[in-house]
Amino acid sequence: MQNNLIRGQKIVIGKIDRDNPLKIEIVHDILGGNMDLDFYVFPVKDNILEEKNMVYFNKPSSEDKNIILREDYNKNKSVKSLFVNLKDLDKDYDKIILALSYYKEVLDINELDLKVEAIERILKSNVFSIEEKLNLENETFVIGEIYKYKDQWKFNTVTYETKEFVVEAVRNLNNIKIM
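Residues numbered from 1 in each chain as written. Predicted model: local features only at pLDDT ≥ 70, side-chain atom pairs only at ≥ 80, totals over all residues. Heavy atoms only, no water.

## Let's talk about the overall build of the chain
So the rule is basically this: Numbering of helices and strands starts at the N terminus; helices are DSSP runs of H or I of at least 4 residues and strands are runs of E of at least 2. Each residue is placed in one exposure class: buried if its accessible area under a 1.4 Å probe, protein chains only, is under 20% of its type's maximum, exposed if it is over 50%, and partly exposed if it falls in between. The contact criterion used is simple: two residues touch if any of their non-hydrogen atoms lie within 4.5 Å. Computed with the Shrake-Rupley method and a 1.4 Å probe, the accessible areas treat only the protein chains shown as cover for residues.
The number of helices and strands found in the chain is 1 helix and 13 strands. Traced from its N-terminal end to its C-terminal end, the chain shows the element sequence β-β-β-β-β-β-β-β-β-β-β-β-α-β. By its C-alpha atoms, the chain is 50 × 35 × 30 Å across when sized along the principal axes. Out of the 179 residues in the chain, the part that is buried amounts to 50%. Within the chain, contacts between residues at least 6 apart in sequence are counted, and of these 69% link residues at least 24 apart. Put simply, the chain shows about 9,100 Å² of open surface, and 47% of that area lies on carbon and sulfur atoms.

Structure (structure tokens):
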């Protein structure tokens, strides 16, 4: 069952001890090739983010290959796909923060339609979707976080927009230490 989430809404995405591979797709218009959104994934342990564990365009997978990023483009759309094997993630991860950085040349638009969709890969079922309009005056967008709660993985829709650089925004929003 697909749930259209709004800012601040939380949803259970799976049991910690069950095989529940997740695919999160971020889709947006390319707008003539003049802009790009880069996807960043920040795995956090005990409120500490080790930079070596970040996953992003220049480092598209975690060392254990349980977090993988892929980018696909056609002439009109950009699709950023995040594959997360929740069952086999490092057991010490408390949460995984998902963020985007926006880079642009001169555009005559102020906002961008963004669609985020999560798909459970075994059953190929939609878990949730988020549709947002991003204010392009900002540079960084924290879209949500996957986190542990008791014996479950949950997703929290954040949708935080700021002009800060992505690492500082994640640090300030989540009060985490970066090492």
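Back to the text.
## Focus on the environment of Lys154
Here Lys154 is to be found in strand E12 (residues 152–162). You can call Lys154 buried: its relative accessible area is 17%. Taking the C-alpha atoms as reference, Lys154 lies 26 Å from Tyr102; in sequence the two are 52 residues apart. Ignoring sequence-local partners within four residues, the contact set of Lys154 consists of Ile11, Val12, Ile13, Glu145, Ile146, Tyr147 and Tyr149.

## Describing unusual backbone geometry
One non-glycine residue with positive phi stands out, namely Lys65, at about 65°. For Lys65, the location among the structural elements is in the loop between strand E5 (48–49) and strand E6 (67–73).

## Side note on the nonpolar core
Operational definition: The definition of a nonpolar core used throughout is a set of buried Ala, Val, Leu, Ile, Met, Phe, Trp, Tyr and Cys residues joined through side-chain atoms within 4.5 Å.
Membership of the largest hydrophobic core comes to 36 residues, with the highest contact counts inside it found for Ile13, Val41, Leu82, Leu98, Phe128, Ile146 and Phe155. Sort the elements by how many residues they give to this core and strand E8 (residues 93–104) lands first, with 5 residues. Apart from the residues lying within four places of it in its own chain, the contact partners of Ile146 are Ile13, Leu22, Ile24, Leu86, Asp94, Lys95, Ile96, Trp153, Lys154 and Phe155.

## A few points about empty space enclosed by the protein
Here is the rule we go by: Only protein atoms enter the 1 Å grid used here, on which a cavity is any set of points holding a 1.4 Å probe that cannot leave and a pocket is any open set flanked by protein within 12 Å on both sides along at least five of seven lines; residues with an atom within 4 Å of a point are listed as lining. Grid points are joined across faces, edges and corners, and a volume is the space filled by probe spheres set on the points. All residues other than Ala, Val, Leu, Ile, Met, Phe, Trp, Tyr, Cys, Pro, Asp, Glu, Lys and Arg, Gly among them, are scored as polar; the first ten of these are nonpolar and the last four charged.
On inspection of all chains with the given rule, the structure shows 1 cavity of 30 Å³ or more. Quantified by volume, the largest cavity comes out at close to 40 Å³. Lining the largest cavity we find Leu114, Lys115, Val116, Ile130, Glu132, Ile143 and Thr159. For the lining of the largest cavity, the secondary structure elements donating two or more residues are strand E9 (111–120) and strand E10 (125–135). Element by element, the count of residues in the lining of the largest cavity is highest for E9, at 3 residues. Here the lining of the largest cavity is composed, by residue class, of 4 nonpolar, 1 polar and 2 charged.

## Concerning the sheet that holds E6
Here is the rule: Should DSSP find at least two bridges between two strands, the strands are taken to pair.
The sheet built from 6 strands is open, its strands ordered E1-E10-E9-E3-E7-E6 with mixed pairing. At either end of the open sheet lies a strand with only one pairing partner, and these are strand E1 (3–4) and E6.

## Focus: the pairing of strand E11 (residues 140–149)
In terms of burial, E11 is largely enclosed, as 8 of its 10 residues are buried. The sheet contact formed by E11 and E12 spans 9 bridges and is antiparallel. Each residue of the ladder has a partner; that of Thr140, found in E12, is Thr162. If you look at the hairpin formed by E11 and E12, you'll find 2 residues sitting between the two strands, and Lys150 has a positive phi there, around 55°.

## Considerations on helix H1 (residues 166–174)
One turn of the α-helix equals 3.6 residues, which is why residues spaced by three or four share an orientation. Counted only if it meets this: The arc in question is traced by the directions running from the helix axis to the C-beta atoms.
Taken together, the buried positions of H1 are occupied by Val166, Val167, Ala169, Val170 and Asn174. Within H1, the buried residues cover an arc of 165° as seen down the axis, which keeps them to one side. Once H1 finishes, Asn175 follows within two positions and takes phi at roughly 50°, a positive value.

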